[in-house]
Amino acid sequence: MKPQKDNGTTRREFIEQMSLLGMASLLPLSFFSCSTETSMDYQGIGLAPYKIWEEMLMAIQTSPDYLEGRMNSLIKEGNPEAMFNFVRDEIYLLPSAPNSLKGMKNTMKFGINGVLRYGFATPREKAELLNNMFNDSGISSKLVFERTNIQAEEVPAFFYRPIERNFTPKISKKILKRWADEMEQENTVIEPVKNIDKDLEQSNALAKQLWQSLPDTDQISSQSFDFRWDNYNTPTVEFAHEDKTMYAHLFDPKIKFGELKNDNGSRITQADKAIYINEKISVSLSFRDGINLRDEKELVSGEWFAHELAGNQIIINFLHGLTIEEQAFTNIGNLRVFTPVLSFQSFDMDVKEMEEKSFMGNPITLEGNRIDVSGETAKIGEYQITDNENKTLQKSVQEIKAKAVPNTYPLVKLEVTPLDDQGGFIEGLSAADFYIIDNDLPIPAMMERNERAPRILVLYDVSLSMPSEYYGENMKRFVSDLEKSIKENYKDAAITKWETDSSLYSWLLKASQTNNDLIIFATDGDNGDKFNEDNSNFYQSGPPALVLNVKNSEERHRTESFTKMAEATNGAVFNAQDQNLVIESIVEFIESIEIAPYIFTYYVTDKAASHTVKISIDENRVETRSNYKFISFPRNNMDLGQRIAGLYLKIKVGRNEVNRVYAGWDPHIDKYRNPSFNDFLDVKFHLFGSAILSFEGEGPTFSAAISDALKYRLSTREWGEAIIKEDYNKAKEILQQGSFANTDPFFALMAPLNNQVTEDAYTFSSGIRIAILKNKVGLDGQKSETNFDYLPTSNYSTFSKNEQESFKINLNKTVQLAIREKEIYEQSTFTLLKDKNSIERSKILKEDWFTELYREGEDANFWYETIYRGDGNFRIFDTSAQTKAYWQINSKTGELYGILPNGTGGGSKSTEEQLQELNKVIDLYMALFTGMGVAITPIGIVATYGKTLVKLYAIVTEVLIIMDASGLDEKVDAALKELACNINKEIMFMSLGKAGEIMGGVDLLISLMGGDGLPGTGCSG
C-alpha cells in the first residue's frame, strides 16, 4: 500500500530525513507502515544537538515495535486483557532448547530485557513477563504450572505465527521542522532510502547457487525438532480480576483470555524457580613472541553469563596511558607500552556496574615484555622499579653522563649515570626524577633498570652434535654455575636463556635486536645458515657476543663461524672445553663492561634526521645531551626477533571454543614459516586500534536499535555541551573518565533475519550471536582497515511444515547475512567468489588439481589445513583457486557462513586515506574516524573507567613512563584548542556520516546538521 499521510509527512519521509540507511535498508517494506495516532510534542533539555537527540529518543520510544515502551504503556493503562494479548500475540515463542522444548517449564534464555529487545521468549519467559506486568500494574498474580493435554501435532501452530513489527513513532512534520530550525539547518539535500535486497532476490539467487553446488542433495536430511510439550508443567499466570481467579494461557491462540487450556483449576501446581541457561562466555587475549613461538601467553581474560552479555558489548582496547595534553604533542609512533582491557559496555548500566564486569591485564611492551603492576611497585620481568620521587636525592646529583644507543629502529636505549660531587654513582632515583626530551619533544621513555646490574642473554645450542658436557642436564648445570658466578658480583643481574638450533646467525641476529648488555652463545659451530651482509648494522647496534667454542675446535668451518659472529658484534671467542675456566673469563669480561645504573628505552618516529637527546634532573639544574642516528631499518620480510609476533583471541561459549588470529602470525596456517617484521607491524597497527564484540539474541527490533544509537550519542552530552560552551577544562576532565564506543555498524549486521517466522517455517538462533568489529590503524603508507567477523556461535536452525525443506530454508535465511556483508564491505566472501565456478570439498578431494596447490607455494599449508581437516561442514571453493575465500555450510542445519581468506566470517573495508607520516595521536584518530564514517573518541579510551585506572596510571604513567610537559605550555594550550575544535567536529561527524553509504551508520541528523561547525564554538569546518 502507499504510505499514508500523518500531519503532512509520511513514514518514509521521516526515514529519509533521518537517513537511517544502516538498518532501514535491510528491513522489509512493512517497516514503512503508517501510524494514524496523534503526534506528540517532545521537550528535551540542554543544547542542540543533545536536546534534539533526547527528543528523538522520546519519539522513537512511542513506536509499537519499541516493546519496552509498549509494555510500560500497557502497565499504565492497567487492562489485563490488553497485557495478555501483547504477551501472547506480539512476542514470538522461542524454543527452550536447540531442537526441542526440553526445560520449557523454567528455562530463561536472555531474561525479560532480552524478551523486550528481541520480541522472542521461551515459554517460561512469556509467563514471567506477563506476571511482572500484572504485578507492576497492581493486579495480584503469580506464576503457576498448568497441566495440559497438548499433543505434539498441535505445537507447531504455536510457532508459525508471523508478527508485523512496524516502526511508526508518533511524530509530525511540524516536529521535524522545529528540529531543523533549532539545529539552524536549512535546505539540506535528503538522500532517498533504498531497501537492499527488499524482495530477497539476491539472497534467494545465492542460496540456489550454493544448493546446486552441494553433493548428493537428495540425501541431505534436515535436523528434526521434537515438538513434545511438557503437559505437567505449562507456565501460566494466575491472577485476580473482577473478583475472580483467572488464568492466562499464553500458547494456544484459541484459548480465550482468563481461561485454562483444559479449563480445570484443580490441575494447577506451584511453579518452580526460573533458571537461566547460565551458559558462560569467556573472552581471552594472548600473544606469542618471535623467540618462543610455542609459548602462548595470556594478556587479559574475562568471563560473563550469556544473559548478561545479550544486547551489550565487550570492548577490546589497548590503553596507552597518555593524558589528553600529552596526546596533543605525542607522535603515535612513540607509543610502545599498552595495557589490554576488556571493557563491558551497556547503554543501560551505570559506570559502577560496568566497571565490575570489566577486566584489565598488565601492561606489555611491543617486545612482549610484561609489566607486573599487581604489587606495590612495578616489575619488568624480574626487575623491581623504585616508585618514589626523591627530591632530596635529586639535589645530590652534580653531573649526568648519558649515552643514547640506537637499537633496531625504532627502539632507542639510553644509558644514564648520575654522579655526586665525589664522582660516585647515585642509585635510588625514580623515573619521575628524570626529564627526557628527544629533538625538543618529550618522549614516553620507560625505565627498565635503576641499579647497576647487567642484563645478560645466554644462548645455547641444543642440537644433537653438541658434546655431552654441553648437552641436556649438563648444559643446564653449566648455565646455572655461570649464573651463580655472575651474581656473586652482581646480585641483581638479570640472565635470560634461549635454546637454539644450528641456525647460528639467525639466532644471533635476534639476540642483537634486544637491549641486553651482553650475549653469551654456547655452540659447537655446526652452522645451518649463512651470514647476510644486509644485517651487518643490526649486529653492530646490539650488545657484544661472547662465542663459546664448546669443543675447542680448530676446524675451519667452525672457527670461521665463531670469528664472524664475534667480529659482527664487537665480541670475542672463548675456548670453552674447560667450563670452570670459561666461567672465570666471562665474569672478567663483564667486569670490563661499563654498565650504567639507569637504563631507559623508548621509540622514535623520525628515520632520517639526527637526534639529540636531552636528559635533565631537578628542574633542569643538571643536564646533559647525547646524539645518535639510525643507520639501518628492519625489512618487512626480516626475521622478527624479540617482538610480539601475533595476537590471539579465544572466545568460549559453553563447551564450544572459537579461536581467531587477532593480528600477525598464524600458528596454524603459517606454522612452516618464521614470523617476520611484517607480522609485528600488523600487531602494532592493531594495538593502535580497538575491537568491539557485539552479543545478541535474535536481533533487536528496529526501535530498540535506534534507541541504542541515540543513547550512544547522548552519552557524550556532558563533555560535548562543555565544548560547545567553551569550557574546555571541564570537557577534558570528563573525557579522561572514558567514553562509550559507537556500535552503529552492528545495527544492520546484527538485525533480525527478514521473514524469520512465516506461516510455514520458523528460523531461530539457538546459540548467542557474536560478531567482532576490529579497527586497524594504518601508518607508514599502509591503509587503515575495519574487519567484521561473524563468529560461528549463532547455531541457526529451522523447522517447517515440510521437514525435508528445513535445511534448504535455513540456508536461504542465513544467506541474508552474507548479502548484508556484501553491501556494507568492499571485500566480502560474496564479492571474492562472484562469477567464480564452485566446487565442494568432497569433490575437491577426488580432483588432481588440488595436489599441486597444497604441495607447493606459500599458500600450500592453507589449502591443506582448510580442505584436508574436515569438521562436518560443507565447504565450497572457487574452482580456479584464485581466491582463498569459501562458503561454509553446516551439514546438519544448512546454516551458512562466508569465510574470508584470513579465516574470519565477515567483510573488510579500507579507508582511502593513508597516513604517510606519523602524525600526532589526535590527528590520527580524527583521520581514522572521519575516513571510516565511525565516530570514536579522540582519547581512544572506550568504555574504561577511572577507578580501575588509578593504580595503572599511578604506577605506569608516573613511575615507568616519563612524560614531561615543562616548558611546553604554549604548545599544550594550542593543542588543547585544536583538540576542542576536533572534538567539536566529532559531535558533528557522529551525526553526518557519508550520505548514501551504509558504513556511515545510523546517523540520525544528516539532514539537520552541516555547514562550518557547531554554534558558538569558533571552530571552522
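For the structure, check the block above.
These remarks concern the structure in this document. Position labels on residues start from 1 in each chain and follow its written sequence. Predicted model: local features are reported for residues with pLDDT of at least 70 only, side-chain atom pairs are reported and counted for 80 or more only, and whole-chain, interface and lining totals are derived from all residues. Hydrogens and water are ignored here; the side-chain numbers use all heavy atoms of the structure.

## Some words on the overall build of the protein
What counts, and what does not: What counts as a helix is a DSSP run of H or I of at least four residues, what counts as a strand is a run of E of at least two, and both are numbered from the N terminus. For every residue, the accessible area obtained with a 1.4 Å probe (protein chains only) is divided by the maximum for its type, and the residue is called buried under 20%, exposed over 50%, and partly exposed between those limits. What makes two residues a contact is simply this: any of their non-hydrogen atoms within 4.5 Å. The Shrake-Rupley method, run with a 1.4 Å probe, gives the accessible areas here. Residue values count only the displayed protein chains as cover.
Helix and strand content of the protein: 32 helices and 44 strands. Counting the 1021 residues in the protein, one finds 60% classified as buried. For the protein, long-range pairs separated by at least 24 residues make up 76% of all intrachain contacts whose partners lie at least 6 apart in sequence. Total accessible area on the protein stands at roughly 41200 Å², and carbon and sulfur atoms take up 44% of it.

## Description of a negative patch on the surface
To be explicit about the condition: Residues form patches when they are more than 30% accessible in relative terms and have no salt bridge. Like charges link within 9 Å. Nonpolar side chains (Val, Leu, Ile, Met, Phe, Trp, Tyr) link within 5 Å. By salt bridge we mean one thing: a side-chain nitrogen of Lys or Arg within 4 Å of a carboxyl oxygen of Asp or Glu. Positive charges come from Lys and Arg, negative ones from Asp and Glu, while His and the chain ends are left out of the count. Taken as the charge location is NZ of Lys, CZ of Arg, CG of Asp or CD of Glu.
Taken together, the side chains of D578, E584, E588 and E591 present a region of like negative charge at the surface. Tracing the backbone through its elements, the reader meets E584 in helix α19 (residues 579-592).

## A few points about the pattern of salt bridges
Counted according to the given criterion, the structure contains 49 salt bridges. Where D272 meets K105, a salt bridge forms, and the shortest distance between an N and an O atom there is 2.9 Å. Separated by 167 residues along the polypeptide, D272 in the loop between β7 (268-270) and β8 (275-276) and K105 in the loop between β1 (92-93) and β2 (107-108) bring together distant segments of the chain. Residue class for D272 comes out partly exposed when judged on its relative accessible area of 34%. The class for K105 is partly exposed, based on a relative accessible area of 24%. When the shortest N-O distance is used, the salt bridge between R869 and E865 registers 2.7 Å. By relative accessible area, R869 is classed as partly exposed at 46%. Three or more residues are tied together by salt bridges with common partners; here these are E154, D252, K254 and K261.

## As for the layout of surface pockets
Rolled over the atoms, a probe as big as a water molecule pinpoints where empty space is left. Which entries qualify depends on this criterion: Cavities and pockets are defined on a 1 Å grid built over the protein atoms alone: a cavity is a set of grid points where a 1.4 Å probe fits but cannot escape, while a pocket is an open set with protein on both sides within 12 Å along at least five of seven lines, and lining residues are those with an atom within 4 Å of any such point. Grid points are joined across faces, edges and corners, and a volume is the space filled by probe spheres set on the points.
Its boundaries defined by the atoms lining it, the second largest pocket holds a volume of some 1500 Å³. The wall of the second largest pocket is formed by 49 residues, among which I291, T496, K497, W498 and Q642 lie closest to the centre. Secondary structure elements with two or more residues in the lining of the second largest pocket: β23 (455-461), α15 (473-489), β24 (494-500) and α16 (504-512). Broken down by element, the lining of the second largest pocket gets its largest block of residues, seven residues, from β24.

## So, a nonpolar patch on the surface
Judged by side-chain polarity, L845, Y864 and Y868 come together as a nonpolar surface patch covering roughly 260 Å² of accessible area. Note that Y864 resides in helix α29 (residues 860-868). For Y864, a relative accessible area of 33% corresponds to the partly exposed category.

## Points about the side chain of R643
Here is the rule we go by: Any pair of nitrogen or oxygen atoms within 3.5 Å is treated as a polar contact; in protein, a donor-acceptor pairing is required on top of that, and neighbouring residues in sequence qualify only through side-chain atoms on both sides.
Its place among the elements puts R643 in the loop between β30 (622-628) and β31 (644-653). Put simply, R643 is tucked away with no salt bridge, and the nearest opposite charge, on E367, sits 6.0 Å away. Engagement of the side chain of R643 in a polar contact is seen with the side chain of Q513, the distance being 3.0 Å.

## Considerations on the packing of helix α3 (residues 50-60) against helix α21 (residues 702-714)
In plain terms, the rule: Axis lines are fitted through C-alpha atoms, for helices just across the contact stretch, and the angle between N-to-C directions can take any value from 0 to 180 degrees. In these notes the angle categories are as follows: under 35 degrees is roughly parallel, over 145 is roughly antiparallel, 65 to 115 is roughly perpendicular, and the rest is oblique. Each helix crossing is assigned a hand: it is left-handed if the near helix lies turned anticlockwise from the far helix by less than a right angle, otherwise right-handed if that turn is clockwise.
Across the interface, α3 lies against α21 with an axial gap of 10 Å and an inter-helix angle of 160 degrees. Considering the angle they form, α3 stands roughly antiparallel to α21. In terms of crossing hand, the pair formed by α3 and α21 is left-handed. Here α3 contributes Y50, W53, E54, M56, L57 and I60 to the contact with α21, which in turn contributes S703, I706, S707, L710, K711, R713 and L714.

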